[in-house]
Amino acid sequence: MIQPMVAGGRQRLVSADADPFAEPVATLSARNLDELRAEIGDCRRCRLCAGRSHIVFGVGNPRARLMFVGEGPGRDEDLQGEPFVGRAGQLLTDIITKGMGLKREDVYIANVVKCRPPENRNPEPDEVAACEPFLKKQIDLVRPEVIVGLGKFAVQTLLQSKTPISKLRGNWHRYHGIKLMPTFHPAYLLRNPADKKLVWEDIKKVIKELSGENT
Ligand code: SF4
């Protein structure tokens, strides 16, 4: 059984002495997620600001043990200002609720970039460079025990790797000391439903990890 999805006496996988986020987020002084959102403000640090309706900051439990990281907002997310709310988002919600027995509010969900790229293209390297400090700071503030990276773009960005997602998924990796499980993006699963079973295999490993069965 997965332990409660909030901190509170739980053993963290990141050493309290280590501060792996110090350099990339040095310019961000926020002490909590609300302050970070305020610090982002009406951000114009990259060209993605031009076409957005909303900055899609992130949602969920600020002390979540589990964090999902996707690529960037799509149309529905841009309109509603919340990550993973379209058809792919419903599939992620099903994974969280039906697959893991959790509520969406138990976990934290964010993206690599906070504004929708035009025509849902991949974010450009300079856009990622401009926005990634916000994600790093979010992860630093939430300090989850496990991150699930959703899809090729998010995983390759987090791991600074060009390895195909098909090779990365299903195996544990580390992101600044935090355990990272790459898996396919829910939007990919809508197009390739046969691969849902592979995602379920990955999610079962995450459940096992959070249940303490790997210790
Ligand atoms: S994508 Fe990130 S860096 Fe670019 S404008 Fe939006 S919030 Fe700012």
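Residues numbered from 1 in each chain as written. Predicted model: local features only at pLDDT ≥ 70, side-chain atom pairs only at ≥ 80, totals over all residues. Heavy atoms only, no water.

With that settled, the discussion passes to the overall build of the protein. For the protein, the helix and strand inventory stands at eight helices and six strands. Going residue by residue from the N terminus, the α and β elements of the protein occur as α-β-β-α-α-β-α-β-α-α-β-β-α-α. The 215 residues of the protein split such that 52% are buried. In the protein, of all internal contacts separated by at least 6 residues, the share reaching a separation of at least 24 is 73%. For the protein, the accessible surface area stands at approximately 10,400 Å², while carbon and sulfur atoms represent 49% of it. (Helix = DSSP H or I, 4+ residues; strand = E, 2+ residues; numbered from the N terminus. Buried < 20%, exposed > 50% of the residue type's maximum accessible area, 1.4 Å probe, protein only. Contact = heavy atoms within 4.5 Å. Areas by Shrake-Rupley, 256 points an atom, 1.4 Å probe, with all protein chains shown as cover.)

Moving on to the nonpolar core. Counting residues in hydrophobic clusters, the biggest one holds 57 residues, and the most contacted among them are Leu-66 and Phe-68. Ranked by the residues each element gives to this core, the list is headed by helix α4 (residues 125-142), at six residues. Excluding its chain neighbours within four sequence positions, the residues that come into contact with Phe-68 are Leu-92, Ile-96, Met-100, Val-107, Tyr-108, Ile-109, Ala-110, Val-148 and Leu-150. (Core = buried A, V, L, I, M, F, W, Y, C linked by side-chain atoms within 4.5 Å.)

Okay, the site of the ligand next. Around the ligand, the surrounding shell consists of Cys-43, Arg-45, Cys-46, Leu-48, Cys-49, Arg-52, Lys-114, Cys-115, Ala-130 and Cys-131. For the shell around the ligand, the residue count by class is seven nonpolar, no polar and three charged. (Near = heavy atom within 4 Å. Nonpolar A, V, L, I, M, F, W, Y, C, P; charged D, E, K, R; others polar.)

In this section: the pairing of strand β6 (residues 178-183). Taking burial as the measure, the six residues of β6 include six buried ones, the bulk of the element. Alternating positions in β6 separate into two faces, Ile-178, Leu-180 and Pro-182 on one and Lys-179, Met-181 and Thr-183 on the other, with burial throughout. Note: strand β4 (residues 146-150) against β6, five bridges, orientation parallel. Residue Val-146 lies in a different strand from β6, and its bridge partner there is Lys-179. Here strand β5 (residues 173-175) pairs with β6 via three bridges, running antiparallel. Its bridge partner being in β6, Tyr-175 is matched across the sheet by Ile-178. Adjacent in sequence and paired antiparallel, β5 and β6 are bridged by two residues, among which His-176 carries a positive phi angle near 50°. (Pairing = 2+ DSSP bridges.)

Here the focus is the pattern of salt bridges. Following the criterion strictly, the structure yields 14 salt bridges and no others. Residues Lys-179 and Glu-209 are paired through a salt bridge, measuring 3.2 Å at the closest nitrogen-oxygen approach. With Lys-179 in strand β6 and Glu-209 in helix α8 (residues 196-210), this residue pair connects regions lying 30 residues apart in the sequence. For Lys-179, a relative accessible area of 16% gives the class buried. Residues participating in the shared-partner salt-bridge network are Arg-47, Arg-121, Asp-126 and Glu-127. (Salt bridge = Lys/Arg side-chain N within 4 Å of Asp/Glu carboxyl O.)

Before going further, it helps to examine the sheet that holds β6. For sheets, the rule is that strands pair by backbone hydrogen bonds, running either parallel or antiparallel. Reading across from one edge, β1-β3-β2-β4-β6-β5 is the order of the six strands in this open sheet, with mixed pairing throughout. The open sheet has two free edges, formed respectively by β1 (59-60) and β5, since each of these has just one partner strand.

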